[in-house]
Amino acid sequence: MARQPFIVDFLKNDKGGKIFVSILLVTMFVVPALNLLVPADSFFHVPTYTVTLLGKYLSYAMLAIALDLVWGYCGILSLGHAAFFALGGYAMGMYLMRQIGDRGVYGNTELPDFMVFLNWTELPWYWQGFDMFWFAMIMVILVPGLLALVFGWLAFRARVTGVYLSIITQALTYALLLAFFMNELGFGGNNGLTDFKDILGYDLQADTTRVSLFFLSALFLILTYFLCRFIITSKLGRVVVAIRDAEDRTRFIGYKVESFKLWIFVLSAMIAGVAGALFVPQVGIINPGEFSPLNSIELVVWVAIGGRATLYGAALGAVIVNYSKSYLTAAFPEVWLFALGGLFLLVTIFMPKGVIGLWNQMRLKLQGKKQPIAENKIE
Amino acid sequence: MTLSSRKNIQILLSLIFIAMLSAGYSAAALADSIEPKTETSVAIVISFEVATASLTAGSYSDREQVIKKLYTVDDERVLPVLQQMLKSKLYYIKKTKQLVFIKKIDGSYKTTSILNNEDAGLFEKNKLKKVKVNNKLRRLLRGYIAQLGLKSTDDAVRKAAVKQLLKNINAETIAVLQVLDKKETNSSIKELVAAGVSIWNLSSNDKATQLASIKALSKSLVPEVKLKLQEIIEDTEDATIKKAAISSLKKIDSKISIFGFLENLVFGLSLGSVLLLIAVGLAITFGVMGVINMAHGELMMLGAYTTFVVQQMLPNHITASIFISIPLAFLVAGAFGVAIERFVIRYLYGRPLETLLATFGISLILQQLVRSVFGPTNQAVQTPAFMSGSLEINSIFAITYNRLYIFIFAIVVLLLLMLILKKTRLGLQVRAVSQNRTMAKAMGVKSEWVDAMTFGLGSGIAGVAGVALSQLTNVGPNLGQAYIIDSFMVVVFGGVGNLLGTFVGAMSLGVFNKFLEPWSGAVLAKILVLVFIILFIQKRPRGLFPKKGRGVED
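Here the structure is a predicted model, which means the values were calculated and not measured.

**Brief notes about the overall build of chain A**
Working step 1: Along its length, chain A carries 15 helices and four strands.
Working step 2: Its C-alpha radius of gyration of 22 Å places chain A within 12% of the 21 Å reference for a compact globule of 379 residues.
Working step 3: Dimensions of chain A along its principal axes, counting C-alpha atoms only, are 70 × 60 × 45 Å.
Working step 4: Of all intrachain contacts in chain A linking residues separated by at least 6 positions in sequence, the fraction that spans at least 24 positions is 78%.

**Topic: helix α6 (residues 133–157) of chain A**
Working step 1: Over its 25 residues, α6 of chain A extends 35 Å from the first C-alpha to the last, a length consistent with the 36 Å expected when each residue adds 1.5 Å.
Working step 2: For α6 of chain A, the principal kink sits at M139 of chain A and spans about 25°.
Working step 3: Within the span of α6 of chain A, buried status applies to A136, M139, V140, P144, G145, A148, F151, G152, A155 and F156 of chain A.
Working step 4: Its buried side turned inward, α6 of chain A meets α4 (81–100), α7 (162–181) and α11 (257–283) of chain A together with α23 (522–539) of chain B.
Working step 5: Just past α6 of chain A, the residue R159 of chain A takes up positive phi, approximately 55°.

**Examining unusual backbone geometry**
Residue and element names in this part refer to chain A.
Working step 1: Unusually for a residue other than glycine, L200 sits at a positive phi of about 50°.
Working step 2: The topology assignment puts L200 in the loop between β2 (198–199) and β3 (202–203).
Working step 3: According to the C-beta neighbour criterion, L200 is exposed, with 9 such atoms within 10 Å.
Working step 4: Residue A309 is not a glycine yet carries a positive backbone phi of 55°.
Working step 5: By the secondary structure assignment, A309 is in the loop between α12 (293–306) and α13 (312–331).

**Points about the interface of chain A and chain B**
Working step 1: The partner chain B presents 33 residues to the 38 residues of chain A that form the contact.
Working step 2: Those elements that provide at least two residues to the side of chain A that touches chain B are α6, α7, α12 and α14 (335–350) of chain A.
Working step 3: With 14 residues, α7 of chain A is the single largest residue contributor to the side of chain A that touches chain B.

**Looking at the confidence of the model for chain A**
All names here are of chain A.
Working step 1: Looking at chain A as a whole, the pLDDT averages 89, with 96% of positions reaching at least 70.
Working step 2: Within chain A, helix α1 (residues 6–13) has the poorest average pLDDT of any element, 83, and α11 the best, 96.
Working step 3: This model gives residues 373–379 a pLDDT under 50, and the stretch forms six contacts once residues within four places in sequence are excluded.

**Some remarks on the sheet that holds strand β5 (residues 128–130) of chain B**
Residue and element names in this part refer to chain B.
Working step 1: Here we have five strands laid out as an open sheet, ordered β4-β3-β2-β1-β5, and antiparallel in their pairing. What marks the edges here is a single partner per strand, and that holds for β4 (119–123) and β5. Direction aside, neighbouring strands of the sheet carry axes that sit 40° apart on average.
Working step 2: Alignment of strand β1 (residues 90–93) against strand β2 (residues 99–105), held across three bridges, turns out to be antiparallel. The partner of Y91 across the bridge, within β2, is V100.

**Side note on the environment of Y95 of chain A**
Working step 1: If you trace the backbone, Y95 of chain A turns up in helix α4.
Working step 2: Taking the C-alpha atoms as reference points, Y95 of chain A and A136 of chain A, separated by 41 residues in sequence, lie 6.0 Å from one another.

**Brief notes about the confidence of the model for chain B**
All names here are of chain B.
Working step 1: Summing up the model confidence of chain B, the mean pLDDT is 81 and the portion of residues at 70 or higher is 90%.
Working step 2: Under a pLDDT of 50 for its full length, residues 1–7 has, in the predicted model, twelve contacts with residues more than four places off or in other chains.
Working step 3: Prediction confidence for the complex, expressed as pTM and ipTM, is 0.78 and 0.86 respectively.

**Points about the environment of L337 of chain A**
Working step 1: Note that L337 of chain A resides in helix α14.
Working step 2: Residues L337 of chain A and K325 of chain A, twelve residues apart in the sequence, show an inter-C-alpha distance of 9.2 Å.
Working step 3: Apart from the residues lying within four places of it in its own chain, the contact partners of L337 of chain A are L364, I365, Q367 and Q368 of chain B.

**Considering the domain arrangement of chain B**
Working step 1: Each domain of chain B was delimited in the assignment, giving domain 1 (3–88 + 132–143), domain 2 (151–237) and domain 3 (264–389 + 400–484).
Working step 2: Using C-alpha coordinates to define each centre, domain 2 of chain B is positioned 50 Å away from domain 3 of chain B.

**What to know about α7 of chain A**
Working step 1: A rise of 1.5 Å per residue sets the reference length of α7 of chain A, with its 20 residues, at 28 Å; its end C-alpha atoms lie 29 Å apart and thus fit the reference within 8%.
Working step 2: The element α7 of chain A is extensively covered by neighbouring structure, given that 15 of its 20 residues are classed as buried.

**Quick word on the pairing of strand β6 (residues 390–394) of chain B**
All names here are of chain B.
Working step 1: By the criterion of burial, β6 is predominantly exposed, with just zero of the five residues buried.
Working step 2: With four bridges joining them, β6 and strand β7 (residues 397–400) adopt antiparallel strand pairing. Pairing of S390 across the sheet is with T400, part of β7.

**So, the packing of α14 of chain A against helix α16 (residues 352–374) of chain B**
Working step 1: Direction vectors running N to C along α14 of chain A and α16 of chain B enclose 155°, while the axes themselves pass 8 Å from each other. Between α14 of chain A and α16 of chain B, the crossing angle belongs to the class labelled roughly antiparallel. Remark: the crossing between α14 of chain A and α16 of chain B carries left-handed chirality. Here L337, F338, L340, G341, G342, F344, L345, T348 and I349 of chain A of α14 of chain A come into contact with α16 of chain B, specifically with E354, L357, A358, F360, G361, I362, L364, I365, Q367 and Q368 of chain B.
Working step 2: Of the residues that constitute the contact of α14 of chain A with α16 of chain B, the class distribution is twelve nonpolar, six polar and one charged.

**Details of the nonpolar core**
Working step 1: Counting residues in hydrophobic clusters, the biggest one holds 193 residues, and the most contacted among them are A64 and I65 of chain A.
Working step 2: Listed in part, the 27 residues of the second largest apolar core include L166, L177, I232 and I252 of chain B.

**Concerning the environment of L219 of chain A**
Residues and elements named next belong to chain A.
Working step 1: Mapped onto the fold, L219 is located in helix α8 (residues 207–233).
Working step 2: Look at L219 and you get partly exposed, because 15 C-beta atoms sit within 10 Å.
Working step 3: Here the alpha-carbon distance between L219 and F332, two residues 113 residues apart in the chain, equals 33 Å.

**A short note on the packing of helix α2 (residues 15–36) of chain A against α8 of chain A**
Residues and elements named next belong to chain A.
Working step 1: Contact geometry of α2 with α8 gives a least axis separation of 10 Å together with a crossing angle of 170°. When the interaxial angle is binned, α2 and α8 end up roughly antiparallel. For the pair α2 and α8, the contacting residues are G17, F20, V21, L24, T27, M28, V31, P32, N35 and L36 in the first and D207, V211, F214, F215, A218, L219, L221, I222, Y225 and R229 in the second.
Working step 2: By residue class, the composition of the contact of α2 with α8 is 15 nonpolar, three polar and two charged.

Rules and cut-offs
- Residues numbered from 1 in each chain as written.
- Chains lettered and ligands numbered in written order.
- Predicted model: local features only at pLDDT ≥ 70, side-chain atom pairs only at ≥ 80, totals over all residues.
- Helix = DSSP H or I, 4+ residues; strand = E, 2+ residues; numbered from the N terminus.
- Rg over C-alpha atoms; globule rule 2.2 N^0.38 Å.
- Contact = placed C-beta atoms within 7 Å.
- Expected span 1.5 Å × (residues − 1).
- Bend = angle between axes of the 7 residues up to and from the residue.
- Buried ≥ 20, exposed ≤ 12 C-beta atoms within 10 Å, placed from the backbone.
- pLDDT = per-residue confidence, 0-100.
- Pairing = 2+ DSSP bridges.
- Axes fitted to C-alpha atoms, helices over the stretch in contact; angles between N-to-C directions.
- Domains from an automatic or database assignment.
- Parallel < 35°, antiparallel > 145°, perpendicular 65-115°, else oblique.
- Left-handed = near helix turned anticlockwise from the far one by under 90°.
- Nonpolar A, V, L, I, M, F, W, Y, C, P; charged D, E, K, R; others polar.
- Core = buried A, V, L, I, M, F, W, Y, C linked by C-beta atoms within 7 Å.

Okay, here's the thing in structure tokens:
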């Protein structure tokens, strides 16, 4: 089969992707319009709170796509992916912290409040430059990328695979969790970074800023989808899937498995970092809790529920789980953990391909077709 | 007036020696009066009631006299009064001048009479007046409280009193200590007293005495000795004394560093035994069966809650309840384990990552279950008497009994488990199935039954570990989560499918952690251990003791 240009392939073959992108395109214009143009007392008005909540879900969806890229397509189950998300978030948080300037409680122009509180006299070297937006944005991508590069290089070169890899990624995020809790590290310890005022001069509390952040989240989600879709349909993507299905055979054919894995892992960490940077200004806080191993495992569940190796399925899973979490924790706080735990069991035992897989199965049944013999094997 | 002579006088009566008191309770008088003399002739008998009554009036110096009188009254009610006075918690009712202890209840004060400990009624703050003390009185009170403590029959109280006295050594305290020493039978208290006497002898004018006592002090590990020797090294002008002091100090320092090392080692092994307990169940479920059981922590939590429930049912038999809890926790957690295996895990063999997710789901459900049944707060599990207290080797080195027993317990659990795996029929079948399932089946092993039993065994052991954890940490819904990562680290570090590896892994990680701690602090030590494991896995991806042979690449 001759390779088609990416855009042609997308329009011809990626039906799910087309639906996904269209829905996003509609939301990204309609929701801001309903918020800004429709009067507040109208039935159709979308409150800013909801816009921000949706923005939060979209950044989670982006994180889920990042994990799907490594887990669904490369078979690397990272139980520490939220760490990259949190690192991106911290880089953004540091920029927002520097923007507070002398509006903090202590009114110190040079130092953030928590440093004044700890009696620090000057800004640590690793905080230098974060008052510049472009520098902070480079760090959002660079820091998670570098960590993934070092960690992945060590792990993949030593052929740490499967369960072992999952457990050491968990150790990684746990170690970071403990480290960021320490006041001495200079990232605000237990309280993290919060009390942000504005971004690029725009007030973070203003409706227009919040709507713009939502718009950006949707835009970046679409771009991420295109990027990941482009990669997995490329030749490199084919090799990556081959590694997932038969690592040793791919190696014996002559591919350098470690390099491919590393490439995908680092890219995925960078996407997670960007998702974190979009998340922080919308929720207004970043603290060490984001590094908690529980978060990373929850993230895995989003992807599993949505359906692995589909990209849009991961995004769908993130939105479904987080919406039900918002709803259940408010309406029936007792039930939430039962529901989440039950969902885990249900998905792993009865629908290993997630919601998307279930949907495809039902569609095939309705059309009276038999299941295709050679399906995309997962693991 | 020695302690022995004082003891002979009847309760509520005592002697007061006016001559001595007027000399300000002088040291010389005390030292001289070790043998009973004829002061009794000038004694006025004074009762507790009379002595305390005059506390409500007068100046600080008047009160000082009253306290001195009170000290000589041989009455068990004296000590609490002095203690409360020191804490500024002794009050009197303005109207009746009755002296009372107070306890704050909802804004007003519940009072109890100091005379008979009976309720004296509820009062507003402004109806009460405090018996005020100043720093001079506080100093006096502290000394007296310590000296009264020496009379206690409780070894620990007496020891604390001696330690308090050592902080301020003078002729008076030495006299008291020497009197105590004559009757004392506890060797560690005798050691403290000897150290105190040697310190006192240092200030004598006789050089030979000084040198002898410096030499004697080199055997002592009491903290005050070190301070005193350092003081001498700085102050003395005599070269021989200085030299002797330096060599004594060196001996002490080397002993302290040895015991410091031992202490780290013991703490490390103790942490290691906890790690061993939490990991050994996982070594079965994860190590032997290859099931990544994220609900392992919650199975331990079930064990801990079993202990709590048993204690609630037997509130008067705390010691017995612990021993009942151990088999019961094994059964409870084991039953949950078998259920988890039958209803969930058996559908997921060969898909380790799915198992991980499913068992994590189970862990969330179990957490919420416990939260719904017992409430979200931590439950208080009591420690049996035989586990409290500590084994004191010397004044700077002690092992608490709960560390000791948990260490022994962990080893016993490990040995039992090894015995089960090596010597029983079930163990044989477990090993057969884990090595080659098809072949085992062909030989007539019911592999499904073995799977359920193995998982139940691992889960039951987790429950037993939970009983031990209930003695160490808070029993709450989050107990499991706190330990799950540690237990995985131990199993992975030790090498999967190898109980000996788990043992070595747990102990070395525990000791490694504790030796890092003084240098880096607790949190950083933990981070360093995690980083170490991450790096270690790169070097040896299959742990310390990897599986060998054909089954490796499963």
